[in-house]
Amino acid sequence: MTLLGAAYLAMMSGGKSVSLSRAPRSIRGRVASLYTAGVDGAYGLGVAIIGGLGDLIGVRAASLLGTAAFATLVLTWGRRSGVLLPELAETPEPVRRTPTAEVEP
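Treat the numbers as computed from the prediction; the structure is a model and nothing was measured.

Calculation notes
- Residues numbered from 1 in each chain as written.
- Predicted model: local features only at pLDDT ≥ 70, side-chain atom pairs only at ≥ 80, totals over all residues.
- Heavy atoms only, no water.
- Helix = DSSP H or I, 4+ residues; strand = E, 2+ residues; numbered from the N terminus.
- Buried < 20%, exposed > 50% of the residue type's maximum accessible area, 1.4 Å probe, protein only.
- Areas by Shrake-Rupley, 256 points an atom, 1.4 Å probe, with all protein chains shown as cover.
- pLDDT = per-residue confidence, 0-100.
- Axes fitted to C-alpha atoms, helices over the stretch in contact; angles between N-to-C directions.
- Parallel < 35°, antiparallel > 145°, perpendicular 65-115°, else oblique.
- Left-handed = near helix turned anticlockwise from the far one by under 90°.
- Contact = heavy atoms within 4.5 Å.
- Nonpolar A, V, L, I, M, F, W, Y, C, P; charged D, E, K, R; others polar.
- Patch = residues over 30% accessible without salt bridge, like charges linked within 9 Å, V, L, I, M, F, W, Y side chains within 5 Å.
- Salt bridge = Lys/Arg side-chain N within 4 Å of Asp/Glu carboxyl O.

Q: What am I meant to see in the overall build of the chain here?
A: Each helix and strand counted, the chain has three helices and zero strands in total. Listed N to C, the secondary structure of the chain is α-α-α in terms of helices and strands. Considering the chain as a whole, with its 105 residues, one finds that 8% of them fall into the buried category. Counting every atom, the chain has about 9,300 Å² of accessible surface; 66% of that belongs to carbon and sulfur.

Q: Before we go on, may I ask you to explain the confidence of the model for the chain in this structure?
A: Where the model shows low pLDDT, its predicted coordinates should not be examined in detail. Confidence in the prediction of the chain, expressed as mean pLDDT, is 82, and 77% of residues score 70 or more. Mean pLDDT values for the elements of the chain range from 86 in helix 1 (residues 2–22) up to 90 in helix 2 (residues 28–57).

Q: Mind showing me how you'd approach the packing of helix 2 against helix 3 (residues 59–81) here?
A: Packed helix pairs are characterised by how far apart their axes lie and by the angle those axes make with each other. Contact geometry of helix 2 with helix 3 gives a least axis separation of 7 Å together with a crossing angle of 135°. One way to sum up the angle between helix 2 and helix 3 is to call them oblique. Crossing of helix 2 over helix 3 shows right-handed handedness. Along its contact with helix 2, which presents I50, L53, G54 and I57, the element helix 3 presents V59, A61, A62, L65 and G66. Taken together, the residues of the contact of helix 2 with helix 3 sort by class into seven nonpolar, two polar and no charged.

Q: Mind showing me how you'd approach the packing of helix 1 against helix 2 here?
A: At a minimum axis distance of 9 Å, the contact between helix 1 and helix 2 shows a crossing angle of 150°. Here helix 2 runs roughly antiparallel to helix 1, going by the angle between their axes. Our pair here, helix 1 against helix 2, has a crossing hand that is right-handed. For the pair helix 1 and helix 2, contact is made by Y8, M12, G15, K16, S19, L20 and S21 and by R28, V31, A32, Y35, T36, V39 and Y43, respectively. When its residues are assigned to classes, the contact of helix 1 with helix 2 shows eight nonpolar, four polar and two charged.

Q: Looking at this structure, how should I read a nonpolar patch on the surface?
A: There is a patch of nonpolar side chains on the surface, built from Y8, L9, M11, Y43 and V47 and spanning about 550 Å² of accessible area. At the level of secondary structure, the elements contributing two or more residues to the nonpolar patch comprise helix 1 and helix 2. Ranked by residues supplied to the nonpolar patch, first place goes to helix 1 with three residues.

Right, here's the structure in full:
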């Protein structure tokens, strides 16, 4: 349980650090608030769903179902975004730029 807690804290602080470091300075506060609202909201919603399923089908089955759903979501996102197995991701057409003529003053 201690290792799980440490991994959770590392993932949460790392995710927030990465999202804030990539955000422009002018909107960093908004990004931080949206990140926190999204993570906290998703956590609360997930706990409510898994708790309700736990009452219906049992805690072990609900945990396994939640794990399978999350793994499916992550793997689907990873393949579509090209993060996982980038050779299978759809590649967009390259942008062709035409050279611009320089104007002399």
